[in-house]
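So you can see what is in the structure, the chains are spelled out below.
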Amino acid sequence: MSSQTFRTIALIGSMAFITSAAFAANDARLPNGKSMYGAPVDARVATKEVNVATAAAVNVACGEVVAFRNADKTFAWKFDVVGHRAVDLQSIAPAGFVNKPLRIHVATNDMERN
């Protein structure tokens, strides 16, 4: 193997390692900086409301907009989850909104099944 080929392979390997380490350090973000779980939206467009104080788990469809209520605080989220993985509410809620884990299970929607 030539030294140029070795350097190229080493450079590509280093770049892949650095990229994966950076992604793992903040695995809730896509390379474009957006959340891999969706985005906050106006609560007025929500199709479902969840009382955080009484919910043990939440089931949503990908693309669904949910308003979360905790006492007098409310925020809404549109779930566009990469890989339809479960999301902990604490990872998407505004700081101080919730102090307990609440698992949100995201399923495919009817449009994705075609």
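Remember, predicted model here, so these are calculated numbers, not experimental data.

A. Spotlight on the overall build of the chain. A count of helical and extended segments in the chain gives 1 helix and 7 strands. Along the chain, helices and strands appear, N-terminal first, in the series α-β-β-β-β-β-β-β. Buried positions account for 26% of the 114 residues belonging to the chain. Sequence-distant contacts, at least 24 apart, represent 43% of the contacts inside the chain between residues at least 6 apart. Of the accessible surface of the chain, which amounts to about 7,500 Å², a share of 58% is contributed by carbon and sulfur atoms.

B. Just the nonpolar core, in detail. Residues Phe68, Phe79, Leu89, Ile92 and Ile104 are the most contacted members of the largest nonpolar core, which totals 23 residues. Mapped by element, the contributors of at least two residues to this core are strand E3 (57-61), strand E4 (65-70), strand E5 (73-79) and strand E7 (103-107). Sort the elements by how many residues they give to this core and E5 lands first, with 3 residues. Ignoring sequence-local partners within four residues, the contact set of Ile92 consists of Tyr37, Phe75, Trp77, Phe79, Val87 and Ile104.

C. Seen up close, the packing of aromatic side chains. Scanning the model with the defined rule gives 3 aromatic pairs in all. Ring centres of Phe75 and Phe97 lie 4.9 Å apart, and the angle between their planes is 80°; this geometry places the pair in the edge-to-face category. On the criterion of sequence distance, the pair formed by Phe75 in strand E5 and Phe97 in the loop between strand E6 (87-88) and E7 is long-range, its members being 22 residues apart. The two residues Phe75 and Phe97 agree in class, both being buried. Taken together, the aromatic side chains of Phe68, Phe75, Phe79 and Phe97 make up a single cluster linked through ring pairs.

So, how was this worked out
- Residues numbered from 1 in each chain as written.
- Predicted model: local features only at pLDDT ≥ 70, side-chain atom pairs only at ≥ 80, totals over all residues.
- Heavy atoms only, no water.
- Helix = DSSP H or I, 4+ residues; strand = E, 2+ residues; numbered from the N terminus.
- Buried < 20%, exposed > 50% of the residue type's maximum accessible area, 1.4 Å probe, protein only.
- Contact = heavy atoms within 4.5 Å.
- Areas by Shrake-Rupley, 256 points an atom, 1.4 Å probe, with all protein chains shown as cover.
- Core = buried A, V, L, I, M, F, W, Y, C linked by side-chain atoms within 4.5 Å.
- Phe/Tyr/Trp six-rings, centres within 6.5 Å; stacked < 30°, edge-to-face > 60°.

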